Every structure is written in structure tokens, then in C-alpha cells.
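# Topology and contacts: notes
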Amino acid sequence: MDTFRYLPGVATLKLDPEPCIGCGMCSTVCPHGVFEVEKGEKATIIAHDLCMECGACATNCPVKAISVTPGVGCASYIIQVWLKGKEAADCGPDCC
Amino acid sequence: MAKIDDEPCCGAPAGPPSSHIERPGYQLWHFVEDLVETPVGPVPKVSTNLVMSDQMGAIRVRLGYKRNDYKVAPGLYCVGSPGPEDPVFVTANYKLSFDALRRELTGISGWILVLDTRGINVWCAAGKKTFSTEEVCRQVKATQLDKIIKHRELILPQLGAPGVSAFDVRKACRFKVIWGPVQANDIPEFIRAGKKAEPHMRRPTFTLADRLVLVPVELSLILSRTTVLVLFGIMLLSGIGTEIFSISAAWQRGLMAIAALFSGVIAGAVLTPALLPWIPGKQFALKGIILGLMAGYATIFLHKGNISTLEIAAMVLSAVAISSYAAMNFTGATPYTSPSGVEKEMRRFMPVQALAVLGAIIAWVAAPFI
């Protein structure tokens, strides 16, 4: 997986270290090793550009220290958002 | 009148009687081996072997045929000879996901809790929030899981994490979520290690085989009814010339144009996924342009007979536009592209693709007059 890196500097991922309790859940659920949590320490983002904005970390953060605009990285879905707006957008019946 | 017992009707003798696990009004799945009695009633026990019909079904959906209608009923199943202490594995009701899980549970006794994800795989369903905290708790309650098992642990696939909050599940139905490996084939090792996933089990792979298996669906998304209309339109455009309209030109030039478009589809939807890590650049649309240029030129070299510069330009431009668009669409099938990145490259490259199409049409229609 390390051979694949997508566009740098675009991911909307943000970590607020202040409320972080260092539980390590973000690092467990992230599919790309974006976080590192040393024992007894707060979480740090070690690979921001590997973030694919799936939202697993933010959903599973018990203190809401992580924010990310999650979404589907799918061109036909994004076109739908442009045309119909976020509410009515749908990947269509043949999407994932 | 003939006696039934000693004089069967023509043909083979009667088959075996109905199985004791059949129920009136229900069709029995071939993978259900037995019904296991529990304090809240019988639970179907499933086989861990995949048979021909499972494999044919997998091929069918991999080809994109009726992919949205490949489901098993949500609810509780079991494998092996499970007891109240055995683990509970949670999955989606997409049959491909369910099959992948039960196959890996060979030699393991446990329970399978299938969520109603509307027949969508775990990762996509988590993104669409049908694989969700609410759905986990709903199925736990509906199946009365707490009356069947003694522990309070659920093993969820890690890729379900975008839709399920482990902390909220604990709050809402007092079950602890344990994040299992990304891939079902790591489950035996995960269980042996005491329900601990090694770092490599926490990352999706995207090998050549992983990418190639996605190609037929990419192609099926491109080849639709609209495609036929587009091809017909291209034939019509190709017939326009100095004699106003020529059927033979429509056919001959039309085929040339279609060959160029076809080369663009192959470049963007087949070669780009296959060669992904080796094509320069990070942006998919750009990778598609590079391969589209090569494919467009290759089509011209294969063509015998006269071909004007304008026609060459039109063919290359159209191959580039289609290849770039198809490659850009492949982002939706990868396990590493972010929506922000996809949107960024779409804003950058969709005007380029549109201009290429426009340029191709103008050059193609103008060519016979020059």
C-alpha cells in the first residue's frame, strides 16, 4: 500500500490535541496509519497526506478531537453533488 | 389402478424426502447445513465451503451484472458448534462479504451477525451509514443476542469504522466493539493471536489482482445504453462531407472514430487500473491522459490507408478525453483516494476533457472539407 500516495495537502483532516485522551482508537481504525499514539501520550498525525477522509477516526473519537469532511472519493458522486446539491446526490444504482 | 409403492411412474425413482430444516414458505439457502437450537430459537448453521453457485455468483457481480441484488437475509447465523462463549463476527448482507467471512471461519466456532446494509459491502456501507452504530444495535436487539451468548463482545471488520462508533455501541447496547482485520483471510490469525490484529492486518491492499478484479465493473459502467446512442451519433457525424452525407463515409470513418474511442476506454478503464503504480503522476485524470495519448496514436498506426492530420488530431483528442475521464472515475474504486483530492483533480481536468471532446468533434467534422 505504501506505493500508493494521492494528492498532497488536500485532506480536510484536523486533530485538536487539547481534548485528546490518548485512547488510541484513531490509530486502530485508520486504514492508512495516519495517526501515532505512544502509550500515555496524545495522538499525533504522522502522515497527513495518506488520509483518504473515510471518517473512521472522527466517528470513533470519544472526545470529538478529530474533524474531517468525510465523503465518497467517487467522481460520479461528486458530479451529482455539483448538479443536484449534497442532499439529492447519489452515486446511482451501479455504484459501490 | 397401479399401486404407488411398487410401480413408480415413468422416469427415475423419487428423490430424497424434504430436509428437516426446511420451513413452509421459505427457500433454503444451499449454505445452511443445519439449525442450531438456542434459548431464543433455532439459528441457521452455515457451511464454510464455497460451492460452484457461490463462485458463479461472485463472477456475476464482478462482471457488474445485477450487482445490487446479491444479498443474504440480515440476522444471526452460526458456524461450527458454537456455544455461549464463542465470538460474534459482524458483517454486511452483501453475499460476497458474507461468503468471504464464512469461508475464513473454517475450523472456528462462532456466531455471524449480518447487518442490513441493503446488499452493499462493508466499506461502502460504512460510508453510506447503513453499516452503522444504529444498525449494529438494532440487529443485536432483534436477534436477542444477549440471551444466546454470555460475553458482550462483537468483532467488527475494521473497514466498518467510518459508520460505527465503538463508544456509541457500548453506550447504546452495552456491547464492546473489537476491531477485526481489514481482510477476512486474516481472521484465523487474528483469533489465534487472542483477537489482536497485527499492523499489516490493519491496511487494505491494492495489488495487481485487487485492481484487475475491478476492471469489468468499470467497463460495465461505461458501456451503457447512452454509449449506443453516442456511437450512432458518431456514425452520423462521420458521414458528413463534401457530398453532404455519404453512407460509406459514415461507415468507414465511423469505424475509425469508434476504434479511437474504444482505445480510450481500454487505456482509461483497463490499462490505467492495471498499470496504476507505474504510470507517472498522482492524479488519475493525468495518468489517463498519458495512456490515452499512447492508445490514440496506436490506433492510428494500426489504421491502413490515408488519414489526414485533422483526423489524427480528432482521434488522439477523443482517446485522451475518454481515457482521462475513465481513469478519473476509477478513483471511486481505490482504497486510498480522498474526496477532496478527487474533487481537486476533477475541477482541474474536466475542463480539459471537455475541450478535448469539443476539439475532436470540430476536427473530425472539418476534416473532409479540407
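Residues numbered from 1 in each chain as written. Chains lettered and ligands numbered in written order. Predicted model: local features only at pLDDT ≥ 70, side-chain atom pairs only at ≥ 80, totals over all residues. Heavy atoms only, no water.

This next bit is on the interface of chain A and chain B. Counting from both sides, the interface comprises 39 residues of chain A and, opposite them, 47 residues of chain B. Contact between chain A and chain B buries roughly 3,800 Å² in total, counting both sides, with carbon and sulfur atoms accounting for 66%. Taken together, chain A and chain B are joined by zero salt bridges. A total of five residues in the side of chain A that touches chain B trace back to one element, the largest contributor, which is helix α3 (residues 75–84) of chain A. The class makeup of the residues in the side of chain A that touches chain B is 26 nonpolar, ten polar and three charged. (Contact = heavy atoms within 4.5 Å. Buried area = accessible area lost by both parts, 1.4 Å probe. Salt bridge = Lys/Arg side-chain N within 4 Å of Asp/Glu carboxyl O. Helix = DSSP H or I, 4+ residues; strand = E, 2+ residues; numbered from the N terminus. Nonpolar A, V, L, I, M, F, W, Y, C, P; charged D, E, K, R; others polar.)

What follows deals with the state of the cysteines. Within this structure, the stated rule accounts for zero disulfides over all chains. Here C26(A) is not cross-linked by a disulfide; its sulfur's nearest cysteine counterpart is in C23(A), at 6.3 Å. (Disulfide = S-S within 2.5 Å.)

What follows deals with unusual backbone geometry. All names here are of chain B. Non-glycine residue Q144 carries a positive phi angle of around 50 degrees. Inspection of the secondary structure assignment puts Q144 in the loop between α4 (133–142) and α5 (145–148). The exposure class of Q144 is partly exposed, given its relative accessible area of 32%. Unlike most non-glycine residues, K195 shows phi in positive territory, near 60 degrees. (Buried < 20%, exposed > 50% of the residue type's maximum accessible area, 1.4 Å probe, protein only.)

Residues and elements named next belong to chain B. With respect to the element layout, A172 can be found in helix α6 (residues 166–173). Residues A172 and D146, spaced 26 residues apart in sequence, show a C-alpha to C-alpha distance of 14 Å. Contact partners of A172, with chain neighbours within four places excluded, come to C137 and K141.

Take the packing of helix α10 (residues 225–239) of chain B against helix α11 (residues 247–275) of chain B next. Residues and elements named next belong to chain B. Running from N to C, α10 and α11 cross one another at 130 degrees; their axes reach a closest spacing of 7 Å. If you check the angle between α10 and α11, you find them oblique. Both α10 and α11 take part in a crossing whose hand is right-handed. In this structure, α10 contributes L231, I234, M235, L237, S238 and G239 to the contact, and α11 contributes A249, A250, W251, R253, G254, L255, A257, I258 and L261. Grouping the constituent residues of the contact of α10 with α11 by class yields eleven nonpolar, three polar and one charged. (Axes fitted to C-alpha atoms, helices over the stretch in contact; angles between N-to-C directions. Parallel < 35°, antiparallel > 145°, perpendicular 65-115°, else oblique. Left-handed = near helix turned anticlockwise from the far one by under 90°.)

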